[in-house]
Amino acid sequence: MEKIALSGVSFGILEADDLWQDLITEFKNEPRSSSIYNCYATHPQLAASTLTALKRSFGIAAGAGQATLMYLNHDKSEFPEYHKRYLTCPVSFYSFEVWALIQVAQQAELEFLDVCSTPNNEIQLSGQLIQLLRSKSKKIQKQYNKYLSGLGAQLNVKKLELQVQNRERVTGGDFALLFEWKDKDGRLNICPVVFQAKRSVAVNVDISQGNASYGLQLSVLSKSKCNPSFIFYNCDSQGALSEPRLPTVKSVKDIIRKGPPSKTSSIEDSLSLSVFLLDVIGGNNYFVTSSRKLALNAILPGTEELELASIVTFSVDPQALLAYEREYNEYLLNKLNLSKENDS
């Protein structure tokens, strides 16, 4: 039987096709699956940004994925075809681990639509999203353990406990993500992302808030090198929504390039969470490092100013959280020693 080699995993043609078809069937059976496609059909600006990101993912696609992209691009296909033929296909990407990470994010944001259909605030929504990333990591790991364990990979989402107290919580729902994957040469890549969460029913969202101590929220975020971004939750604080939009991510640099506004569109120049992570892996103008120390230390000095509620790791390495905990303890020790020196 003909085999497909993919970064340490070898599939039979029929085996790969079975995995693919099972995943498509699973998606179709999800009650909210039509909401994903409807979201892109209803919001052409979001669809345009998404298709741009998908087209420029050519560099992280395996041979089969590149052929699929060329076909879809030539036919000027819409998002549903990219989703069915590319994003869900286990041999689309150079690494099975990368494909699995994307599946986790896709499944988490799909179920998150149920969360957004009922009243919630930013803190609750961010907590639910992180919990869904965690639960879907476990599900995908169990579902494809045959392949992932052979690579020494274990999908996991874990929280780094921060020793920060007495913060003034005026913005709420904010978190940082330490997103990890391996490149084609097996080297570790880490992308630290600071998310400012906003809940809104309207497409245009108020981003004029500030902190009495640190100034305008947008200005504080723009100073961070950790890919600062807004994550927009389409959720009402009072009533129910029958078909919420996908959670969308918008880079701060795309907001301030025309000057600091009081409002911004949650769909223009935005990507769903899963496509945003795909774009990150594709290396499209994000701050990425191979050093966990550097990635974490880029976030920590601004923890209070950014009002981070938590730092979360999303990785295929089961030892990732332990590594970050060691770096965090070293950071705290250095901070304490520096404080003593300044006091003496």
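Thresholds applied
- Position numbers for residues count from 1 along each chain, tracking the sequence in the order it is written.
- Predicted model: local features are reported for residues with pLDDT of at least 70 only, side-chain atom pairs are reported and counted for 80 or more only, and whole-chain, interface and lining totals are derived from all residues.
- As a rule here, side-chain values come from all non-hydrogen atoms in the structure, and water together with hydrogens is ignored.
- We count a stretch as a helix when DSSP gives it H or I for four or more residues in a row; a strand needs E for two or more, and each element gets its number in order from the N terminus.
- When checking whether two residues touch, look at their non-hydrogen atoms; a contact exists if any pair is within 4.5 Å.
- To estimate the expected span of a helix, subtract one from its residue number and multiply by 1.5 Å.
- Whether a residue is buried, partly exposed or exposed follows from its accessible area with a 1.4 Å probe, protein chains only, as a fraction of its type maximum: under 20%, in between, or over 50%, in that order.
- Taking the helix axis as origin, the arc is that swept by the directions to the C-beta atoms.
- Two strands pair under a simple rule: DSSP has to find at least two bridges between them.
- Angular values range over 0 to 180 degrees, each being the angle between N-to-C directions of two axes fitted as lines to C-alpha atoms, with helices fitted over their stretch in contact.
- A cavity, in this analysis, means grid points on a 1 Å lattice covering only the protein atoms where a 1.4 Å probe fits yet has no way out; a pocket is instead an open set bounded by protein on both sides within 12 Å along at least five of seven lines, and a residue lines either one if it has an atom within 4 Å of a point.
- Grid points are joined across faces, edges and corners, and a volume is the space filled by probe spheres set on the points.
- Classes in brief: Ala, Val, Leu, Ile, Met, Phe, Trp, Tyr, Cys and Pro nonpolar; Asp, Glu, Lys and Arg charged; the others, Gly included, polar.

### Here's the deal with the overall build of the chain
Secondary structure summary: the chain contains 14 helices and 13 strands in total. Principal-axis analysis of the C-alpha atoms places the extent of the chain at approximately 75 × 40 × 35 Å. If you take every contact in the chain between residues at least 6 apart in sequence, the share linking residues at least 24 apart comes to 73%.

### Let's talk about helix α4 (residues 63-74)
Across its 12 residues, α4 extends 17 Å between first and last C-alpha, which sits within 8% of the 16 Å expected from 1.5 Å per residue. Of all the positions in α4, only Gly65, Thr68, Leu69 and Leu72 are classed as buried. One side of α4 carries all its buried residues, which in axial view fall inside an arc of 100°. Exposed side chains of α4 directed beyond 90 degrees from the buried face belong to Gly63 and His74. Backbone geometry just downstream of α4 places lysine 76 in the positive-phi region, at approximately 50°.

### Some details on the pairing of strand β4 (residues 175-182)
Here β4 lies mainly inside the structure; 7 of its 8 residues are buried. Examined bridge by bridge, β4 and strand β5 (residues 188-199) share 8 bridges and lie antiparallel to one another. What sits directly across from leucine 178, in β5, is proline 192. Counting the residues that bridge the hairpin from β4 to β5 gives 5 residues, and of these glycine 186 lies at a positive phi of roughly 80°.

### Section: the sheet that holds β5
With respect to topology, 7 strands assemble into an open sheet ordered β3-β13-β4-β5-β9-β10-β12, the strand pairing being mixed. Since the sheet does not close on itself, it has two edges, and those belong to β3 (156-160) and β12 (271-272), each with one partner. Where helix α6 (residues 96-116) meets the sheet, it contacts β4, β9 (229-233), β12 and β13 (310-315), and its direction lies at approximately 150° from that of β4. On the sheet, helix α7 (residues 122-143) packs against β3, β4, β5, β9 and β13 and is oriented at approximately 140° with respect to β3.

### Comments concerning empty space enclosed by the protein
Rolling a probe over the atoms, with the probe sized like a water molecule, indicates the empty space that remains. The tally for this structure, following the rule as stated, stands at 3 cavities of 30 Å³ or more. Approximately 80 Å³ is the volume found for the largest cavity. In this structure, the largest cavity is lined by 12 residues; those nearest its centre are Gln217, Val220, Glu305, Leu306 and Glu307. Where the lining of the largest cavity is concerned, the elements lending two or more residues are β7 (210-211), β8 (215-216), α9 (217-222) and α13 (303-306). For the lining of the largest cavity, the per-class residue count stands at 4 nonpolar, 6 polar and 2 charged. As a volume, the second largest cavity reaches approximately 40 Å³. Every residue along the wall of the second largest cavity is listed here: Ser200, Ala202, Val205, Phe232, Tyr233, Asn234, Arg245, Leu246, Thr248 and Ser266. A per-class count over the lining of the second largest cavity returns 5 nonpolar, 4 polar and 1 charged.

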